[in-house]
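Examining the three-dimensional arrangement
For reference, the chains in residue letters:
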Protein chains: 2
Amino acid sequence: MIDFKAVDRYIEDHLQESLAELGRLVAQPSISAQGLGIQECAALVAEMLRQRGFTVSVHETAGHPIVYGEAPGNAAKTLLLYNHYDVQPPEPLELWDSPPFEPTIRDGKMYGRGVSDDKGHILCRLAALDALKAVTGSYPVKVKFLIEGEEETSSANLDSFVRNNAALLAADACIWEFGGVNHEGRPVQYLGLRGICYVELTIETAAMDAHSGLGGSIFPNAAWRLVWALNTLKDRNERILIPGFYDKALPPTARDLEMIAAQPDDSADMIERYGLKQGFLKGMIGGPDLRREEVFVPTCTICGLTSGYQGPGSKTVLPARASAKVDFRLIPDQDPEDILAKLRRHLDLNGFWDVQITYLGGTQPGRTSVDDPFVQLTLEAAREAYGVEPVVVPMVGGSGPNAVVSKTLNVPLVTAGCGYPGAQVHAPNENIVIDHFITGVKHTARIIGKFGA
Amino acid sequence: MIDFKAVDRYIEDHLQESLAELGRLVAQPSISAQGLGIQECAALVAEMLRQRGFTVSVHETAGHPIVYGEAPGNAAKTLLLYNHYDVQPPEPLELWDSPPFEPTIRDGKMYGRGVSDDKGHILCRLAALDALKAVTGSYPVKVKFLIEGEEETSSANLDSFVRNNAALLAADACIWEFGGVNHEGRPVQYLGLRGICYVELTIETAAMDAHSGLGGSIFPNAAWRLVWALNTLKDRNERILIPGFYDKALPPTARDLEMIAAQPDDSADMIERYGLKQGFLKGMIGGPDLRREEVFVPTCTICGLTSGYQGPGSKTVLPARASAKVDFRLIPDQDPEDILAKLRRHLDLNGFWDVQITYLGGTQPGRTSVDDPFVQLTLEAAREAYGVEPVVVPMVGGSGPNAVVSKTLNVPLVTAGCGYPGAQVHAPNENIVIDHFITGVKHTARIIGKFGA
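Residues numbered from 1 in each chain as written. Chains lettered and ligands numbered in written order. Predicted model: local features only at pLDDT ≥ 70, side-chain atom pairs only at ≥ 80, totals over all residues.

**Describing the overall build of chain A**
- Helix and strand counts for chain A stand at 15 helices and 20 strands.
- Oriented by its inertia axes, the alpha-carbon framework of chain A measures out at about 80 × 45 × 45 Å.
- Counting every position in chain A, which comprises 453 residues, the buried fraction comes to 57%.
- Across chain A, every contact between residues at least 6 apart in sequence was considered, and the portion connecting residues at least 24 apart equals 80%. (Helix = DSSP H or I, 4+ residues; strand = E, 2+ residues; numbered from the N terminus. Buried ≥ 20, exposed ≤ 12 C-beta atoms within 10 Å, placed from the backbone. Contact = placed C-beta atoms within 7 Å.)

Encoded structure:
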């Protein structure tokens, strides 16, 4: 029987060391979309595992390397820990109050790109393991770390890695990359993630830009063609118009709707935090309907638009080139490659054969059953660490390669960590609350300890 | 009677001095859209006039200064010369073969931003005046230079300057900013310019960007709203959908269509020069129909689009802000302020009250009659200087503040100069052919000389 009070004390006593190590990790840029600092960050993560006695291997892929680390434990069971060392681009830089790669502590928070997503969670796992080993002399279970470097660019090479190394990665359960509390400070257990299909749509109508006075009424305009093509994808009522898009999308179950109904309402918090001047879409004002729409509806989001002159003032140019970044969030049982094929067909049939689609990555949606014993164990650990009843969220709006792991390795996934709604992941001033970090580590230690019991 | 052979000889003998002076002017950046080098360039132009004995004044405006210069002549008549010292932004820089503000001569051409539009034409006027004075001892007519610094940003302050200084600027005729030859090397006489209404459309849906997984199905997306708003402006058949847009647009007259029919066909040249992979709009393949469409149809051109993430790879962001630069090219008797009001009303009625319109400038369309004696004199001068019959173009696709001058001062406008279809104005590798420059100066000298006769 593990003395979790002693574990908690160790975690508190060694907080400064954990934060220092986190600071070192955040200070190392690792922007997967731009290929910046990737090798250096992978080496740093490998070093952090080796220092703890893990057997580490760094696996090259067609993209960024995957760091794998393994350490023995007391019980015969094996726990897989999935995380990622890559981060989102920090732009727009001018909106950061402190530089994104100079981790800064102020007002009980640590700020920096990746401090929550996902480097804080790597440290959360390591601090929990450190405390368990210090108190009990060993790890309660065999531990396998799978830490990739392309999560923020849709994990293009994780799927083949997991398939090709299924024996190496074999485990009985998995703690997923993130977790934490909701806007009320209650721990949240996430049981599913939407999938994603991320594409760039590009049109090139000429070899070079023209004077808009010359070509305005006789030359094709790449920006106009992009606008018209995008307009065929979704109507103003948010209905996606690609034929067959919704075919495989399953409606939420009665059990899903029960869990959604039991979730607290954070709509007012969202309105204020994001400054949503026009409120939510479709006149929604909150409650279970909003929460259902948030996660059980697949989406088509324009993430970026670029064409022609974008500087100050006016330039009378007719653009030869235009492009859009578009992501589709998918729900069970939609499949990114199926959506990609339907998108191509839809554009062709609408006369947009000249729109080039670049597939920038995709993952399938994935879910774990609330009735799995490992989920129940994680909920019990949360009750103890947080002292309140956890919130169970059947599906999260975001995406990750959870299906790659849960389906291929046939393991249940749970979440735990230092996230919270104000973390500003993917946005300027990303941060964690240090008190949340402490509790997240305690929760993680209890999951691992109880799993070995 | 002026000895034009002696004038021509002087022009040829002093070519290197003219090109050196042009090089000095091009080397001085003067990007009106970005406010770069404006004061310095205005001072340089003023100095160039003062050195020639002009009485010069530099007039501050709400935007960039206007340079005015005046010199006496033999005849009682007064000739106004309109030019502009500002240039378009040079971006994209990587497509220039030599730096845009380091004028370079190679293969009989001079390259640099503004070398054609419009600094080459300033030198064309000056070299013609220098030659006339050297040969005859004085200027044939009183000369007034009006050289503004905001032509490339829709001449926002020219209209009020001309209205407030109508007596100062009073003249009997005007040579407009540009001119030159067509793709066959034949001189072209332009008799009209379309107007323009240039706007930036901006939407802001939230105080900050969100994670696309969080907000994709519940937050308004600025990029989507921009796409939908733009889509209401023009359909895929190029029909502009703003109610009343075409109300004041006059069809070309029978005389216009005659002139258009007499113009040579440069469609194959355009296809090749711009690399138009899909040819012209609406399946047009050239001939008088294409030329009519090119200039006698008003347009709505997206000049730029910007929103969200535009870097390499993928970023899963839901943009809070999106904007488009849009220009409308107008034909007689459309009016930019009328179009602006109709655009606002159209967006409001379509539910896009959240689209902010920033009016970045506009000019009215303007025309001079082919039967005006000054036009006939200019055509005669062209026959002599070029040795071939000039092409008369009733309307040009581009815009400029010609109506501001022609209507307010009640003067006929003609064109002459060193332009040609390969000049790449507003694009990388802007250039003039030096042989064209020589003939353009000779033509200009003949217009001025004959006007004083």
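This is not the end of the story, as more comes after the structure.
**Observations concerning the domain arrangement of chain A**
Residues and elements named next belong to chain A.
- For chain A, the assigned domains read domain 1 (4–191 + 368–452) and domain 2 (196–363).
- Each of domain 1 and domain 2 has a C-alpha centre, and these two points are 30 Å apart.
- Each side of the interface is counted separately: domain 1 has 21 residues, and domain 2 has 18 residues.
- Elements represented by at least two residues in the side of domain 1 that touches domain 2 include exactly β17 (391–393), β18 (396–399) and α14 (402–409).
- Residues belonging to the side of domain 1 that touches domain 2 are distributed by class as follows: 11 nonpolar, nine polar and one charged. (Domains from an automatic or database assignment. Nonpolar A, V, L, I, M, F, W, Y, C, P; charged D, E, K, R; others polar.)

**A look at the relation of the copies chain A and chain B**
- Between the two copies, chain A and chain B, the superposition gives an RMSD of 0.0 Å; the rotation angle is 180° and the shift along the axis is 0.0 Å. Taken together, the rotation angle and the small translation identify this as a two-fold axis.
- Of the residues that chain A buries at the interface, 97% are likewise interface residues in chain B, meaning the two copies contact each other through the same surface. (Least-squares fit on C-alpha atoms with pLDDT ≥ 70 in both.)

**Details of the sheet that holds strand β7 (residues 173–175) of chain A**
Residues and elements named next belong to chain A.
- Spatially, six strands are ordered β1-β2-β6-β3-β7-β19 in an open sheet, and the strand pairing comes out mixed. A strand with exactly one partner marks an edge of an open sheet, and here the two such strands are β1 (55–59) and β19 (413–414).
- Where β1 and strand β2 (residues 66–71) come together, five bridges link them in antiparallel fashion. Among the inter-strand pairings, Val58 is bridged to a residue of β2, identified as Val67. (Pairing = 2+ DSSP bridges.)

**Details of the sheet that holds strand β9 (residues 187–190) of chain B**
Residues and elements named next belong to chain B.
- Spatial ordering of the open sheet is given by β8-β9-β17, a layout of three strands whose pairing is mixed. The sheet is open, and its two edges are formed by β8 (180–181) and β17 (391–393), each paired on a single side.
- Here two bridges tie β8 to β9, and the two strands are oriented antiparallel to one another. The partner of Gly180 across the bridge, within β9, is Val188.

**Digging into the pairing of β2 of chain A**
All names here are of chain A.
- The antiparallel pairing of β1 with β2 creates a hairpin that spans six residues between the two strands.
- Relative to strand β6 (residues 142–148), β2 runs antiparallel, the two sharing five bridges. When the bridges of β6 are listed, Gly69 appears paired with Phe145.

**Topic: the interface of chain A and chain B**
- Taken together, the contact between chain A and chain B spans 78 residues of the former and 76 residues of the latter.
- Sort the elements by how many residues they give to the side of chain A that touches chain B and strand β12 (residues 299–308) of chain A lands first, with nine residues.
- For the side of chain A that touches chain B, the class distribution of residues is 35 nonpolar, 30 polar and 13 charged.
- Strand direction decides the pairing type here: β12 of chain A and strand β12 (residues 299–308) of chain B, joined by five bridges, are antiparallel. Within the sheet, the bridge partner assigned to Ser307 of chain A lies in β12 of chain B and is Leu305 of chain B.

**Structural notes on helix α1 (residues 4–13) of chain A**
Residue and element names in this part refer to chain A.
- Among all positions of α1, only Val7, Asp8, Tyr10 and Ile11 are buried. Each buried residue of α1 lies within a common arc of 160° when the element is viewed along its axis, so the set occupies one face. In α1, those exposed residues whose orientation departs by more than 90 degrees from the buried face are Lys5, Glu12 and Asp13. (Arc of directions from axis to C-beta.)

**A few points about unusual backbone geometry**
- Along the chain, Asp117 of chain A connects to Asp118 of chain A via a cis peptide bond; the corresponding omega equals 15°.
- Here the residue pair Pro332 of chain B and Asp333 of chain B is connected by a cis peptide bond, since its omega of 0° sits within 30 degrees of zero.
- Structurally, Asp333 of chain B can be placed in the loop between β14 (321–330) and α12 (336–349).
- The residue Lys282 of chain A is not glycine, and still its phi comes out positive at about 55°.
- Assessed through the 13 C-beta atoms surrounding it within 10 Å, Lys282 of chain A is described here as partly exposed.

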